[in-house]
Amino acid sequence: MIIKGIGASDGIAINKVFKLEPVNIVISEDKITDITNEITKLNNAIKTSVEELQVIRDKTALKLDEEHAMIFDAHIQIATDPEIARQVEDMIKSDKMNSAQAFSVVSEMFAQMFENMDNDYMKERAVDVRDVSLRVIAHILGKKLNDPTLIDEEVIVVANDLTPSDTAQLDRKFVKGFITNIGGRTSHSAIMARSLEIPAIVGTKNILENVNDGDFVILDGETGTVVINPSNKDIVEYKKKNTEHQQQKALWAKYIDKPSITTDNKVVELAANIGSPDDIESVINNGGEGVGLYRTEFLYMNNDNFPTEDEQYVAYKMVLESLKNSKVVIRTLDIGGDKHLDYLKMDEELNPFLGHRALRLCLERTDLFKTQLRALLRSSIYGNLHIMFPMVALLTELRTAKTILEECKIELKNEGIKYSDDIKVGIMVEIPAVAILADQFAKEVDFFSIGTNDLIQYTFAADRMNQKVSYLYQPYNPSLLRLIKLVIDASHKEGIWTGMCGEMAGDQIAAPILLGLGLDEFSMSASSILQTRYLFSKLSFTKMEAMAKKCLTFGTHEEVKEYVKKTLKGEK
Ligand code: PEP
Ligand code: MG
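These remarks concern the structure in this document. (Residues numbered from 1 in each chain as written. Chains lettered and ligands numbered in written order. Predicted model: local features only at pLDDT ≥ 70, side-chain atom pairs only at ≥ 80, totals over all residues. Heavy atoms only, no water.)

This paragraph deals with helix α12 (residues 309-322). In a regular helix each residue adds 1.5 Å, so 14 residues correspond to 20 Å; α12 covers 20 Å between its end C-alpha atoms and thus fits that length. By the burial criterion, the buried members of α12 are Glu 309, Gln 312, Tyr 313, Ala 315, Tyr 316, Val 319 and Leu 320. In a view along the axis of α12, the buried residues occupy a sector of 165°, so they form one face of it. Positive backbone phi, approximately 50°, marks Lys 324, located one or two places after α12. (Helix = DSSP H or I, 4+ residues; strand = E, 2+ residues; numbered from the N terminus. Expected span 1.5 Å × (residues − 1). Buried < 20%, exposed > 50% of the residue type's maximum accessible area, 1.4 Å probe, protein only. Arc of directions from axis to C-beta.)

Once that is clear, we can look at the coordination of the magnesium ion (ligand 2). For the magnesium ion (ligand 2), every protein donor is listed as Glu 430 (OE) and Asp 454 (OD), and the spread of their distances is 2.0 to 2.2 Å. Pair noted here: Glu 430 is in the loop between β13 (424-429) and α16 (432-436) and Asp 454 is in helix α18 (residues 452-459), with a separation of 24 residues, a long-range link. For Glu 430, a relative accessible area of 2% gives the class buried. Residue Asp 454 is classed as buried on the basis of its relative accessible area, which comes to 3%. (Donors = N, O, S within 2.8 Å, 3.2 Å for Na, K, Ca; no water.)

Turning our eyes to something else, we now look at the site of ligand 1. The local shell around ligand 1 holds 16 residues, among which Arg 295, Arg 331, Gly 451, Asn 453 and Arg 464 are the closest. Contact distances for ligand 1 include 2.8 Å between an oxygen atom and a backbone N or O atom of Asn 453. When isolated, ligand 1 has an accessible area of 290 Å², and the protein chains bury 100% of it. A majority-of-atoms criterion places ligand 1 in the largest cavity. Secondary-structure elements contributing two or more residues to the shell around ligand 1 are α7 (188-196), β10 (291-295) and α18. Of the residues forming the shell around ligand 1, the biggest block, three residues, is contributed by α18. A breakdown of the residues in the shell around ligand 1 according to their chemical character gives four nonpolar, five polar and seven charged. (Near = heavy atom within 4 Å. Polar contact = N/O pair within 3.5 Å; in protein donor to acceptor, adjacent residues only side chain to side chain. Areas by Shrake-Rupley, 256 points an atom, 1.4 Å probe, with all protein chains shown as cover. 1 Å grid on protein atoms, 1.4 Å probe; cavity = no way out; pocket = protein on both sides within 12 Å on 5 of 7 lines; lining within 4 Å. Sits in = over half its atoms within 2 Å of the grid points. Nonpolar A, V, L, I, M, F, W, Y, C, P; charged D, E, K, R; others polar.)

Bringing empty space enclosed by the protein into the picture now. On inspection of all chains with the given rule, the structure shows one cavity of 30 Å³ or more. The computed volume of the largest cavity comes to approximately 80 Å³. If you go around the largest cavity, you meet 15 residues; those closest to its centre are Arg 295, Arg 331, Glu 430, Asn 453 and Asp 454. Looking at the lining of the largest cavity, the elements with two or more residues in it are β10 and α18. Here the lining of the largest cavity is composed, by residue class, of three nonpolar, four polar and eight charged. (Points joined across faces, edges and corners; volume = space filled by probe spheres on them.)

The next thing to look at is the pairing of strand β12 (residues 384-389). Of all six residues that make up β12, five are buried, and the element is covered over most of its length. Judged from the five bridges that link them, strand β11 (residues 327-331) and β12 form a sheet pairing that is parallel. When the bridges of β12 are listed, Arg 331 appears paired with Met 388. Pairing geometry for β12 and β13, over four bridges, is parallel. Each residue of the ladder has a partner; that of Ile 387, found in β13, is Val 425. Note on the crossover from β12 through helix α15 (residues 395-414) to β13: the handedness is right-handed. (Pairing = 2+ DSSP bridges. Right-handed = clockwise from strand over helix to strand, strands pointing away.)

Here is the structure:
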């Protein structure tokens, strides 16, 4: 059986399925007859839960730190709490209650007791009790708790959706790919898959319903094809394709130390998008010439609370230092849309992508904004820092953000803390209003970076997370290309540069058009850099300029795509 989805991250994986879905727990009220057997069941479930929690604890200590691991020490304590166990056993013995029901009743009593306490810290322990209770009850009922941390063999994860933090938790050693029911090419789990270099397919609509745990599947992340329980012939065919893919990668790898230059000597910059200092290794291994986008929100998302100024400073300094004097564009907090913080209460919104997100939120929560700006300023002495504001719609927003940045500089100066006097400030161009008014914005910034993931969703009014409207993700549509041209031309007129950090920058059909439109910097998943450098080395800038000019005269995305494909065939 074949299922089609949206190819989100290139590569082929052939492995067993591990379904990651919430467990459906139904607790019956059936009375028991064999007390001893029920107590043994309970004790076994507690024992298995503790063993699992110990594994999760150790892995968390390794991947994150001891502080995060301690959460699971607390879970182990709850699972082995003698008072809970005594009360559960009493209920089994005196009321003949089954162990799942008894554990649920007792743990809920404890959870509510915590919830009613005055102290915020103790209140939050209710969540831990319920979490542990779910684990123990699942084991009593013989159900599998789908915890990605427990994966200890090579698998392909199949889920309805993966949040960016679920994706961050996947262990590359064991998770060879993932496939989801929902999501689009620019949803953040897809973007993360590319930076983790895990083959992935999103937006299949119904993969979860069509596979069982342990089924064998082939995942082709380039074409978005899933083959369920493949024949030997399929396996041979895809293994061959995989070998060819590896050979191609070996050819691209030869371009690691070469400049990004066309046949007629036009030089551009190929930079990488990162989500954490851990990604720097991959930037260097893939020949990235700098960082065109550091999405700092993952620093916030992988935390239980707002990262402090010092924590942020350490992360930014690490990135700047590792890249020596190469350009590093660090984007201020872009939370909202599909990126949430459990610890930041936000109002329910009907249209979160059009809502109170990113810079809009920062301009209201200036306390959060200033903490980040101070950390950025302090880190600036370690490299070539560019600060970038996301989701700017108005010049007045940009001006307010710049004023707050200046206030932070004055604060630091008064405190005797150093910062570089050569920090560049730019904006993401991801709202059409800014692209149209780029000539005005260009007078007040040092650079532009076009965020096409959002610019496309706002230009075509199509939610980037909704696969039903994913056909409207049209990077080659002339209306979008004309907007991009406006931005590039306006920046050059003011003597500043324009980059692109949306996924379109690494698209092998779009990149030559962008080259021809005069884009200065292309920032993409590190895994796409070498392929793009190789592509550019075969192209003539003059010809790409002519090609781009012609693209602007077409009416549809498809016409542009066909024309560019044909032109590139003649070039390469
Ligand atoms: C974009 O919108 O193109 C972008 C790069 O930002 P994000 O994907 O994080 O919204
Ligand atoms: Mg964006």
